[in-house]
Structures are given as structure tokens and as C-alpha cells.
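Coordinates in review
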Amino acid sequence: MASLFVIRGRDQGKRFELDRDCITIGRDSSNSVQLHDSEVSRRHAEIHCQEGHYWIVDLGSSNGTFVNGQRVERQLLKSGDRLQIGRTLIVYTAPEQPASAIATTAVDIVSQADHAALSQSRIVSTLGEQSALRHGDPNWLVQAHGSLEIMYRVALAVSHTLDIDELLQRILDLIFEWVRADRGCIMLLDPQTEQLRPAARKDRTGTGQDALAISRTILDYVLEHHEGVLTSNAGLDERWDPAASIVSQGVHEAICVPMQGRYGVVGVIYIDTYTPPGRALLEPGATRFNQDHLKLMVAIAHQAALAIEDTFYYSALLQAERLAAVGQTIATLSHHIKNILQGIRGGSFLIEEGLKANDPEIIRKGWAIVEKNQERISNLVMDMLTYSKPRKPELVLAQINDVVADVVELMQLRAKEAGVALEFEPYQEMPLLRFDPEAMHRAVLNVVTNAIDACEKVEGGRVVVLTQLDPQQHVCRILVKDNGEGIPLEDQEKIFSVFESRKGARGTGLGLPVSRKILREHGGDVTVESQPGRGSTFALVFPAFTEEQPQVSDQSSHGSAQPPDIEAWDEPGTRRWPHPPDTDTAGCSDSDAPSMTSDSA
Amino acid sequence: MTSTQQDLLRQGRQAVVLVVDTSSESRQVWQTALERRGYSAIVTRTVQEAWPWVERCVARVVLVDNHRSIPPDLRQLDPNEAVSTEPAEQDLLWLGKVSPDGRLLWQTLEKPYHYAAVLRRIEVLCDDASPDGRHD
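Attention here is on the structure that accompanies the text. (Residues numbered from 1 in each chain as written. Chains lettered and ligands numbered in written order. Predicted model: local features only at pLDDT ≥ 70, side-chain atom pairs only at ≥ 80, totals over all residues. Heavy atoms only, no water.)

Applying the stated criterion across every chain, the model contains 20 salt bridges over all chains. Across the pair A:Asp525 and A:Arg516 runs a salt bridge whose closest N-O atoms are separated by 3.1 Å. The pair A:Asp525 / A:Arg516 is uniform in exposure class, with both members buried. The salt bridge involving A:Asp525 is made with A:Arg520; its shortest N-O contact spans 3.2 Å. One salt-bridge network, held together by shared partners, links A:Glu353, B:Arg36 and B:Arg37. (Salt bridge = Lys/Arg side-chain N within 4 Å of Asp/Glu carboxyl O. Buried < 20%, exposed > 50% of the residue type's maximum accessible area, 1.4 Å probe, protein only.)

Turning our attention to the packing of aromatic side chains. Enumeration according to the criterion identifies eight aromatic pairs over all chains in this entry. Consider the rings of A:Tyr54 and A:Tyr92, whose centres lie 6.0 Å apart with planes at 55 degrees: the pair is tilted. Here A:Tyr54, found in strand β6 (residues 53-58), pairs with A:Tyr92, found in strand β11 (residues 88-93); they are 38 residues apart in sequence, far enough to count as distant. Like A:Tyr54, the residue A:Tyr92 is buried in the burial classification. Considering the side-chain rings of A:Phe349 and B:Tyr115, the 5.4 Å spacing of their centres and the 20 degrees angle between planes classify their relative orientation as stacked. A residue pair is termed interchain when its members come from two chains, as with A:Phe349 in helix α7 (residues 291-357) and B:Tyr115 in helix α4 (residues 115-128). (Phe/Tyr/Trp six-rings, centres within 6.5 Å; stacked < 30°, edge-to-face > 60°. Helix = DSSP H or I, 4+ residues; strand = E, 2+ residues; numbered from the N terminus.)

What follows covers the environment of A:Lys494. Take A:Lys494: it is sitting in the loop between β24 (475-482) and α11 (511-521). The sequence separation of A:Lys494 and A:Pro513 amounts to 19 residues, and the corresponding C-alpha distance is 9.8 Å.

On to the sheet that holds strand β5 (residues 104-110) of chain B. All names here are of chain B. Strand order in this open sheet of five strands is β2-β1-β3-β4-β5, and the pairing throughout is mixed. This sheet does not close on itself; its edge strands, each paired only once, are β2 (40-44) and β5. Along the sheet, successive strands turn relative to each other by an average axial angle of 20 degrees, direction set aside. Across four bridges, strand β1 (residues 16-20) lies against strand β3 (residues 61-66) in parallel orientation. Note that in β3 the partner of Val20 across the bridge is Val64. Set on the sheet, helix α3 (residues 47-55) makes contact with β1 and β2; between it and β1 the angle comes to about 160 degrees. Against the sheet, α4 contacts β1, β3, β4 (92-98) and β5, and its axis sits at roughly 15 degrees relative to β4. (Pairing = 2+ DSSP bridges. Axes fitted to C-alpha atoms, helices over the stretch in contact; angles between N-to-C directions. Contact = heavy atoms within 4.5 Å.)

Turning our attention to the side chain of A:Gln260. Residues and elements named next belong to chain A. With respect to the helices and strands, Gln260 occurs in strand β18 (residues 251-260). Take Gln260: its relative accessible area is 14%, and that puts it in the buried class. In terms of polar contacts, Gln260 uses its side chain to reach the side chain of His226, at 3.0 Å. (Polar contact = N/O pair within 3.5 Å; in protein donor to acceptor, adjacent residues only side chain to side chain.)

Moving on: the packing of α7(A) against helix α2 (residues 24-36) of chain B. α2(B) packs onto α7(A) with a crossing angle of 30 degrees between their chain directions and a minimal axis gap of 10 Å. Here α7(A) lies roughly parallel to α2(B), going by the angle between them. Regarding α7(A) and α2(B), the two cross each other, and that crossing is left-handed. Facing A:Gly343, A:Gly346, A:Gly347, A:Phe349, A:Leu350, A:Glu353 and A:Ala357 of α7(A), the residues of α2(B) in contact are B:Glu25, B:Val29, B:Thr32, B:Ala33 and B:Arg36. Of the residues in the contact of α7(A) with α2(B), the class split is five nonpolar, four polar and three charged. (Parallel < 35°, antiparallel > 145°, perpendicular 65-115°, else oblique. Left-handed = near helix turned anticlockwise from the far one by under 90°. Nonpolar A, V, L, I, M, F, W, Y, C, P; charged D, E, K, R; others polar.)

Moving on: the nonpolar core. Residues and elements named next belong to chain A. Counting 49 residues, the largest nonpolar core has Ile400, Val465 and Phe538 as the members making the most contacts within it. No other element matches the ten residues that helix α10 (residues 437-455) contributes to this core. The contact partners of Phe538, leaving out residues within four places of it in the chain, are Val447, Ile478, Leu479, Val480, Ile487, Ile495, Phe496, Leu512, Val526, Thr527 and Val528. Within the second largest apolar cluster, 36 residues are counted, among which are Met151, Ala157, Leu230 and Val257. (Core = buried A, V, L, I, M, F, W, Y, C linked by side-chain atoms within 4.5 Å.)

Residue and element names in this part refer to chain A. Strand order in this open sheet of five strands is β4-β3-β5-β6-β9, and the pairing throughout is mixed. Both edges of this open sheet fall to β4 (33-34) and β9 (74-76), since each of them pairs with a single strand only. Where β6 meets β9, three bridges bridge the pair, whose relative direction is antiparallel. Looking across to β9, one finds that Trp55 is bridged to Leu76.

Structure, rendered in C-alpha cells:
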């Protein structure tokens with residue numbers, strides 16, 4: 001039965017069977033498919049069934065109905081189509097339909113009449129997945145054990161990969177280990193064309209040069225009846241006649257089973273074998289494939305189908321998430337850019353006003369606004385670039401105090417405008433450390449900017465930036481303390497997620513994620529401790545490598561320097577610091593470091 | 001409100017334009033532009049700050065910078081004015097004419113807008129209203 005499967009939106013995971021000729025979709029509860037999505041109209045769309053085909057019809061919805069990204073008024077649905085209704089993404093799965101022939105160089109689907117060997121083949125046995133093992137056979141226990149083992153190995157194989165090609169190849173390998181098949185292939189139903197296409201092939205000889213001819217009749221039978229079939233051009237009973245065509249053609253046997261998933265057939269597995277005439281005469285009546293092979297093939301195909309369905313829906317979900325992420329990114333960036341443009345227009349407008357009135361004061365005001373917005377767009381671009389790709393920090397020996405001092409100086413004007421006192425308390429004995437000065441400048445700048453913004457509404461707002469060295473943990477810390485609004489506990493991790501801003505229209509939601517990324521690329525991290533109404537302390541921590549010490553080798557090794565418990569650090573001026581490492585020697589050994597008082601400014 | 005604004009209000013001659021904008025730059029631009037054209041500009045950062053002025057019906061026109069697609073009805077807005085962290089789907093400037101019964105009749109301009117165009121609209125809206133800016 002055709003169905004709709006919601007893979008994104010508030011109704012994610014719901015499945016709706018299209019069990020009526022007309023299904024309505026909308027926000028209202030009177031619809032057959034109710035979507036809890038404010039972007040969906042009360043009565044948004046309908047799905048009609050006409051002669052076994054499903055059509056989606058938009059009912060004049062406000063936000064439109066999209067099939068595979070294209071807005072549609074009326075559209076024939078194909079299995080696998082992605083329906084976008086409001087913010088909800090739905091995958092349409094079609095009922096199973098017989099596949100028509102396709103031709104590839106590797107696999108030919110042919111009518112039996114066209115193929116000499118196949119023309120005399122007939123279905124000697126069929127099997128649906130419900131059939132059970134025959135307990136009457138004295139060897140049934142041994143066979144059952146073997147079957148169990150092969151099923152176990154198939155289950156392992158399907159659970160270890162989401163790569164369909166790899167999965168199918170492993171399944172064919174397992175089948176060939178277990179049964180004396182000469183050739184095999186797995187064909188999948190293409191959701192777009194609804195036709196079978198070869199997806200994996202195996203030959204016992206390993207050559208794989210010859211086209212594998214598969215009877216269309218057999219494929220049609222398997223797909224229509226959902227049954228596996230065992231075919232042979234040889235008789236199965238003792239009346240087998242060596243004088244018949246087998247003498248000249250040998251024995252052709254084949255097993256073809258449907259890959260029956262949860263929602264329909266996703267493909268078929270086909271194996272065949274050929275016994276040459278000479279051998280067929282020596283072993284009359286001997287066949288390589290039997291009923292047990294057929295049963296197990298049905299079970300293997302079912303397992304494979306489930307795995308393929310999972311992979312398919314996982315891919316669909318992944319794709320939907322990517323599309324959503326791209327959409328969100330574009331929307332967010334457009335919003336920020338619009339605001340910056342608005343600022344530039346405002347500044348330009350004032351300049352124009354000032355020029356008309358010959359008023360230098362208005363011109364100065366306008367120019368200051370333009371400059372500030374130039375800086376904002378420059379920062380946005382730099383943050384986007386920093387965030388968008390992994391990069392290895394360009395480590396050089398540099399003075400972190402100089403970098404932080406530069407940031408503080410740069411931000412003094414902004415702090416003054418916001419009525420916030422900005423102070424720097426450097427650790428005076430800070431040695432030269434290995435880090436990327438430019439990247440670190442950006443990381444500190446973002447955090448200090450946030451701290452100033454957090455204090456803007458606070459009377460007597462104050463931001464203090466400190467540098468510290470911890471020889472015991474071999475880390476350098478840059479602490480940015482503010483007495484601003486503070487951050488609720490539930491938001492303290494969220495603020496490091498991209499596009500999560502607590503600054504409304506002013507925030508890009510990139511600053512802190514960028515800072516954290518930079519610190520993690522240095523093998524460090526950014527952490528926060530905050531109390532709403534009392535302020536926040538951000539700690540930028542990174543390994544304090546001096547010249548002789550190893551560099552950060554892997555940009556992905558985030559968290560290698562354990563961030564400190566900020567509570568353990570005293571207020572500046574009261575902390576007794578370990579002796580800083582001797583920068584002329586090997587660096588950060590703390591074994592014989594005497595204590596000293598912090599030399600905070 | 002600045003002392004200039006208070007003076008202008010006392011005079012009761014100038015049309016009062018109420019501007020609600022979280023951006024200090026934008027407030028600065030509006031204040032300069034409006035005052036240079038003879039309006040009395042009351043600039044506030046939040047709707048809460050603006051509310052008393054609306055209540056007293058002193059403004060003829062209200063400008064609200066709002067990135068939400070719902071009208072910034074000053075009488076119905078959430079008093080906490082929770083700032084949405086959702087990416088904005090529309091960035092709008094809401095321009096409201098205060099009707100004699102105190103209701104706000106809104107029109108919108110999409111960002112980035114031109115200040116000159118908005119000022120022209122303000123001029124038209126103020127001309128439509130009563131000369132003393134009050135609607136009692």
C-alpha cells in the first residue's frame with residue numbers, strides 16, 4: 001500500500017497509509033493527514049488515487065506544495081518523491097509495481113523465448129517468506145545450523161554499513177560462500193523510474209565479462225507474487241530424460257527472490273548455475289539448488305531489503321537535514337546582512353543630510369555609523385570563513401598578552417559607547433607561547449564583544465579580561481569576566497551552537513561557535529560559567545606550548561587540554577601563582593616551581 | 001526622552017513620531033532625520049519604554065523595527081518582549097498611524113529600506129492626522 005512517511009517536522013516518524021481514494025493533508029484535524037506545522041494551510045493538499053496512480057493536488061495553499069523541490073499544482077507521485085508541505089518533509093512510498101525490463105552490459109532481462117537456455121526453464125518451486133523449514137528431513141538440524149550461521153553473518157553484514165553498494169556486495173559474497181552459484185546479481189527498483197537496475201554482480205570465476213541473462217517472466221512473477229522461485233530446465237524426478245535438450249545445453253538452474261521490505265519490494269536477488277552437458281550426464285538428476293537454498297535466499301533478501309530501506313530513509317533524512325541547514329544558514333545570514341545594509345544606509349543618509357546642511361557634526365555621526373557597519377560585515381565574513389572550513393592553526397611563538405591587549409584597545413570605543421568599563425589584567429610573566437595570533441585575536445575579540453554587549457543594559461557595566469598561566473595543567477587561560485545579564489543554565493551550552501544568539505537582531509550567532517572552534521583547533525576549549533543577574537566568566541583555554549614543546553598535531557583534537565574548573569581560580573590580586581615556566585629552558589615543568597603572588601595589573 | 005523632545009511636546013505643535021528600535025545607530029539616524037524635519041521624535045529601545053507614549057496618545061505615527069511577521073501591536077505585545085532567536089524570515093519596518101480611537105493602523109516596509117522613502121510616508125501620515133497630534 002502506498003504511504004507517506006514524515007521525515008522532518010513536528011510529525012517526524014509518522015507514517016500514513018494511503019488507504020482511500022482521496023487523502024487530504026492540512027493543519028486542521030479534519031484532514032486525513034494532519035500536520036502540526038504552522039506553515040501548513042488548514043486544508044493544504046490532496047492525494048488522489050486514479051487507476052492505481054497517486055496524484056498530489058495543491059488546494060491553493062499559502063506556502064505551496066513542493067515535490068522534489070519543485071512547486072506543483074498537480075503532480076503524479078513516484079515512489080521516493082519528497083513532498084515539502086510547509087516545513088514538513090514527507091517521503092512518498094509507492095505500492096509495489098512490476099518492473100519492466102532494462103538492459104545493461106552486465107545484466108540482461110530477457111523474455112524466455114529469446115534465450116535458448118531459459119526457454120526451457122520452468123519454475124519448479126516457489127516460496128514466500130512465510131514458509132518454514134521442513135523438519136522431516138533427517139539432516140534438518142545440520143541444515144538449520146548452517147542456515148542460522150549464514151543468517152547471523154548476513155545480519156552482521158547489514159548492520160555494519162550504510163553504504164548500499166558495499167552492503168550488496170557483501171551479501172553476494174556470503175551467498176557464494178554458502179551455495180554453489182556461478183553467477184549472481186542484485187537488482188534494485190529505481191524509485192524514480194520504478195524499473196529494476198543492476199546494483200551488484202558476482203561471478204564465481206571472477207571475470208564477470210558475460211552478460212547475465214535473466215528471464216523477464218521470472219522477474220515479473222517474483223515481483224507480482226512476492227515469492228521466491230527456483231527454476232530449472234531439468235526435470236526434478238526420475239523421469240529425467242538425458243536425451244532431451246540438456247544433453248546439448250547442460251542444466252541451468254536459477255533462484256530469484258524478492259527483496260521484501262517493510263513497505264514493499266525494493267529489488268530482487270538472483271543467482272544461477274550451469275552444469276555442462278558432460279557433467280549433467282554423469283550425474284543425472286543432480287541439481288545444485290534446492291528448496292532449502294530457496295528458503296534461505298528469501299530470508300537473506302528480506303534482511304537485505306530492511307537494511308536497504310533503512311539506508312534509503314537515513315539518506316533521505318540526511319538530505320532533508322542538509323537542505324534545512326542550508327535554508328537556515330541562508331535565512332540567518334540574509335537577516336544579518338540586511339541589518340548591516342540598513343545600518344550603512346542610515347549612516348549614508350546622515351552623511352547626505354550633513355552635506356546638504358553643511359553640518360560636519362551630522363556627517364561625523366553618519367560616518368561613524370558607516371564605519372561601524374563596515375566592521376560588522378567584515379567580522380561576519382571573517383567569522384563565516386573561520387567557521388566554514390577546518391583549518392590548522394598557524395602556530396608561531398607569540399605573546400598572548402599582546403594579542404589580548406590589542407583586542408582590548410580595539411574594543412575600548414565600543415565599550416565606552418555602551419557605558420561599559422573594559423579593563424585588562426595581564427599575567428606579567430607570560431612567556432612566549434605557540435599559537436596562531438590572528439585566529440586567537442578573533443576568538444578573544446568575539447568573546448569580549450559579547451561581554452560588552454551583555455553589560456550594555458547594566459548600570460556600572462564592567463568587563464575584565466585576564467591572562468593566566470597554569471604550569472601544572474600546562475595551559476594558558478584568557479578569562480573574560482563581566483557583570484552583565486548572565487546566562488541561564490539551560491542556555492549555557494546552547495550559546496556555542498551556530499546561529500544561536502541571545503542578542504536578537506544584533507547577534508550573528510557565529511561569534512562564540514567561531515571562538516570555540518579556534519580554541520579547539522589549538523587543542524583547547526572555551527567554557528562558560530554564569531549566573532543570571534550576576535554576570536559570566538568565559539575561559540579560553542589552550543595548551544601552553546613554548547618553543548621546545550610539541551605543537552598541536554591534529555586540529556580535530558579538541559578538548560585535549562582539560563578546561564579548568566573556573567571556580568577554583570581566585571580573583572586577580574589574591575591568587576598565589578606558581579612560578580611561570582622558565583622560557584629560556586624547557587618550559588612548563590612545575591616540579592620545582594615556587595609560589596608567587598599574581599602580578600595582576 | 002531628551003529635553004528637546006520634552007520642549008517640543010510642551011509646545012504641542014510638532015507632530016510626534018515614536019520610534020522603537022533596538023539598534024542605537026538606527027535610533028540616532030531617526031532622531032536626527034526627524035528633528036531636522038521639524039518633528040518631535042521620541043526614540044525608545046523597547047516596546048515597554050514606548051508604551052506610556054502610546055497610552056497618552058501623543059504620537060501620530062509609530063515606527064517599529066521588527067523582524068517578526070506579526071504586527072507589533074503595542075497593546076498586545078508580550079510585556080517580556082522575548083527576543084526571538086529564530087532566523088528572521090522577514091525583516092520589516094512597521095509604520096503605524098495612530099487612529100483617533102488609539103488603534104494602530106499598520107503598514108510595512110521591507111529592509112533594507114530607504115530613509116527618504118520612509119520619511120515621505122511619515123509626512124503623508126502626519127498630514128492626515130489632526131494638527132495637534134492628539135486624538136481625544
